[in-house]
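Structure assessment
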Amino acid sequence: MNILLVNSSPRQHQSCTYLLAQTIIQQLSKESAVEVTETDATKLPHLDADYSMAVCSPGLMHDESNGSLALSNQLISELINADFVIIASPMHNYSLPSALKSWVDHVVRAGRTFNISPTGKHGVLNDKPVYVLVSSGGRFSGKEAYQADFFTPYMKEVMTTIGLKNIQFFTIEGTVGSHEAVREKIESVQNQVKYHLENALV
Ligand SMILES: Cc1cc2nc3c(=O)[nH]c(=O)nc-3n(C[C@H](O)[C@H](O)[C@H](O)COP(=O)(O)O)c2cc1C
């Protein structure tokens, strides 16, 4: 099984969701041999002018051998080759960190991963499980939520746009607590993920 792990946290391997991603990988490797491709979204640049031109003038030929177009092709290939996708990310200002937004802008690409027709946008990727792991300092879901959440509906919409509809979200919320409290939260979500993978759905 090819697993693509997109890590969007500035805290890199110290991140709560990176830890959770490792739990998923360990769990999946009990079932079959796994190969993991790790993309560090925090190293991705913003899109360049050639990319913007190519998306906005699809009939013309464009040099795709360098810049954002080449990077986009590479990131799209990683996504196509994956059997299972894990996106690990903090919430930043109610939404995606800019690193993850950059990854989205490279892979959600008109004429490549979705087509536009009079009836709307249609994804072209084969569906596969996408596990989106989100951590946040406060709470954004459930009864104790006190802030907006533009992260989860947005990720659902953009992944669906390219054909990835099998999306599961797992959240670690309230990470501003004590070290012990955060560790307990992470363990609790690790158990949820294990239960989900054992009884499901992949
Ligand atoms: C720039 C920035 C913006 C943030 N915005 C939010 C926010 O809108 N809501 C929230 O609950 N936490 C917010 N946080 C806190 C992080 O989501 C939280 O620390 C998270 O657990 C970090 O996850 P990680 O361990 O995966 O890096 C923000 C943190 C930073 C650095």
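Residues numbered from 1 in each chain as written. Predicted model: local features only at pLDDT ≥ 70, side-chain atom pairs only at ≥ 80, totals over all residues. Heavy atoms only, no water.

Examining the packing of aromatic side chains
Using the following cut-off: Two aromatic rings, drawn from Phe, Tyr or Trp (for Trp, its six-membered ring), form a pair once their centres lie within 6.5 Å of each other, and the interplanar angle then sorts them: stacked below 30 degrees, edge-to-face above 60, tilted otherwise. In DSSP terms, a helix is any run of H or I states spanning at least four residues, a strand is any run of E spanning at least two, and both are numbered starting from the N terminus.
This model, assessed by the stated rule, comprises 2 aromatic pairs. An angle of 45° between the planes, with centres 4.8 Å apart, marks the rings of Phe-84 and Tyr-131 as tilted. One end of the pair, Phe-84, is in strand 3 (residues 84-90); the other, Tyr-131, is in strand 6 (residues 130-136), with 47 residues separating them in the sequence. In this structure an aromatic cluster arises from ring pairing among Phe-84, Tyr-131 and Phe-170.

Comments concerning helix 1 (residues 16-31)
Put simply, the rule is: In a helix, the anticipated span is given by 1.5 Å times the number of residues less one. Exposure classes here rest on a 1.4 Å probe applied to the protein chains alone. A residue is buried below 20% of its type maximum, exposed above 50%, and partly exposed in between. Pairs of residues are marked as contacts when any of their non-hydrogen atoms sit within 4.5 Å.
Here helix 1 contains 16 residues, and its C-alpha end-to-end distance of 24 Å stays within 8% of the 22 Å for a straight helix at 1.5 Å per residue. Turning to helix 1, its buried residues number three or more, namely Cys-16, Thr-17, Tyr-18, Leu-20, Ala-21, Thr-23, Ile-24, Ile-25, Gln-27 and Leu-28. Packed against the buried residues of helix 1 are strand 1 (2-7), strand 2 (35-40), strand 3, strand 6, strand 7 (167-173) and helix 6 (179-198).

Overview of the sheet that holds strand 6
Note the cut-off: In this scheme, strands are said to pair when DSSP sees at least two bridges between them. Throughout, an axis means a line fitted to C-alpha atoms (over the contacting stretch in the case of helices), and angles, computed between N-to-C directions, take values from 0 to 180 degrees.
Read across the sheet, 5 strands follow the order 2-1-3-6-7 without closing on themselves; strand pairing throughout is parallel. Of all strands in the sheet, those with a lone pairing partner are strand 2 and strand 7, marking the two edges. Taking the axes of each pair of neighbouring strands and ignoring which way they run, one obtains an average angle of 15° across the sheet. The sheet contact formed by strand 3 and strand 6 spans 6 bridges and is parallel. If you follow Pro-90 over to strand 6, its bridge partner there is Ser-135.

Considerations on the nonpolar core
Note the following rule: Note on terminology: a nonpolar core comprises buried Ala, Val, Leu, Ile, Met, Phe, Trp, Tyr and Cys residues joined through side-chain atoms within 4.5 Å.
The biggest cluster of nonpolar side chains holds 32 residues, and the ones touching the most others in it are Leu-79, Ile-87, Trp-103, Met-155 and Met-159. For this core, the secondary-structure elements that each account for two or more residues are strand 1, helix 3 (67-81), strand 3, helix 4 (98-107), strand 6 and helix 5 (151-161). When residues in this core are grouped by element, the largest group, 5 residues, is from helix 4. Once you skip the residues sitting within four places of it in the chain, Ile-87 turns out to touch Val-6, Leu-100, Trp-103, Val-130, Tyr-131, Val-132, Leu-133, Met-155 and Met-159. In terms of nonpolar packing, the next biggest core, distinct from the first, is built from 21 residues, Ile-3, Tyr-18, Phe-84 and Val-189 among them.

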